[in-house]
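# Chains, contacts and geometry: an overview
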Amino acid sequence: MRITPNGVPLLLAGEASDRAVLWFHGLGVDKETHVKELEQVAALGFLAVGVDAAGHGARRAPNLQQIIDAPQAETLRGMIDLVIQTAHDVSAVIDWLADEELCDRDCVSLAGISMGAYVVYKALVI
């Protein structure tokens, strides 16, 4: 199921549960890239939530390809900007999931691949 709370596009797999996993993708792809992984996590009894990072997927930035194709240092700077924006979305997504009674706000885990791992680390220190 695809939904967009607070302007953050989500892909939900599984049923409401006391436990949830927010899944963050890498640079240049989107939440649909990890449907298989979301389904595997949901099969373990979690609500699995794919999150479109800032500038990606349903909220793709018009300059995303330029960020990806830029020289390495510029790509890294552009990616870090998107990571910071996405990390700031995490608490709002968790609040929305809890408010909708889809999971317990205190039992949410974060997982990320590539750029998504940066999002996880940044979200932990905000």
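Located above this text is the structure these notes cover.
Residues numbered from 1 in each chain as written. Predicted model: local features only at pLDDT ≥ 70, side-chain atom pairs only at ≥ 80, totals over all residues. Heavy atoms only, no water.

### Remarks on the side chain of H56
Within the element layout of this structure, H56 appears in the loop between β4 (47-51) and α2 (64-69). Residue H56 is classed as buried on the basis of its relative accessible area, which comes to 0%. At 2.9 Å, the side chain of H56 forms a polar contact with the backbone nitrogen of G28. Engagement of the side chain of H56 in a polar contact is seen with the backbone oxygen of A54, the distance being 2.9 Å. Leaving out residues up to four positions away in the same chain, H56 has contacts with H25, G26, L27, G28, V29, A61, L64, L82 and M115. (Helix = DSSP H or I, 4+ residues; strand = E, 2+ residues; numbered from the N terminus. Buried < 20%, exposed > 50% of the residue type's maximum accessible area, 1.4 Å probe, protein only. Polar contact = N/O pair within 3.5 Å; in protein donor to acceptor, adjacent residues only side chain to side chain. Contact = heavy atoms within 4.5 Å.)

### So, the packing of aromatic side chains
The description of an aromatic ring pair rests on the distance of the ring centres and on the angle between the ring planes. Counting across every chain of the model gives zero aromatic pairs. Sitting over the face of the ring of F46, R19 holds its NZ or CZ atom 4.1 Å from the ring centroid. (Phe/Tyr/Trp six-rings, centres within 6.5 Å; stacked < 30°, edge-to-face > 60°. Lys NZ or Arg CZ within 6 Å of the ring centre and 35° of its normal.)

### With respect to the sheet that holds strand β2 (residues 10-13)
In space, the five strands of this open sheet follow the order β1-β2-β4-β3-β5, with mixed pairing throughout. Every interior strand has two partners, whereas the edge strands, β1 (2-3) and β5 (108-112), have only one. Of the pairings in the sheet, the one linking β1 to β2 comprises two bridges and is antiparallel in character. Counted as the bridge partner of R2 is L11 from β2. Sheet contacts for helix α4 (residues 115-125): β3 (20-24) and β5; angle to β5, the most-contacted strand, approximately 140 degrees. (Pairing = 2+ DSSP bridges. Axes fitted to C-alpha atoms, helices over the stretch in contact; angles between N-to-C directions.)

### Some words on the nonpolar core
One finds L10, L12, L22, V49 and L97 to be the most contacted residues of the largest nonpolar core, which totals 24 residues. Those elements that place two or more of their residues in this core are β2, β3, β4, α3 (72-99) and α4. Tallying contributions element by element places α3 first for this core, with seven residues. Among all residues touching L97, those that are not within four sequence positions of it are L12, L22, L47, V49, L102 and C103. (Core = buried A, V, L, I, M, F, W, Y, C linked by side-chain atoms within 4.5 Å.)

### Focus: the packing of α3 against α4
Between α3 and α4, whose axes approach to 8 Å, the crossing angle comes to 50 degrees. Taken together, α3 and α4 sit at an angle that is classed as oblique. Along this stretch, α3 crosses α4, giving a crossing that reads as right-handed. Contact residues: M79, I80, V83, I84, T86, A87 and V90 in α3; M115, Y118, V119, K122 and A123 in α4. Its residues assigned to classes, the contact of α3 with α4 shows ten nonpolar, one polar and one charged. (Parallel < 35°, antiparallel > 145°, perpendicular 65-115°, else oblique. Left-handed = near helix turned anticlockwise from the far one by under 90°. Nonpolar A, V, L, I, M, F, W, Y, C, P; charged D, E, K, R; others polar.)

### Points about the pattern of salt bridges
For side chains bearing opposite charge, pairing can occur when the charged atoms are close. Evaluated as defined, the whole model comprises six salt bridges. E32 is paired through a salt bridge with K31; the nearest N and O atoms lie 3.3 Å apart. Using a relative accessible area of 24% as the deciding quantity, one classes E32 as partly exposed. Here the salt bridges share partners, and the residues they tie into one network are R2, K31, E32 and D52. (Salt bridge = Lys/Arg side-chain N within 4 Å of Asp/Glu carboxyl O.)

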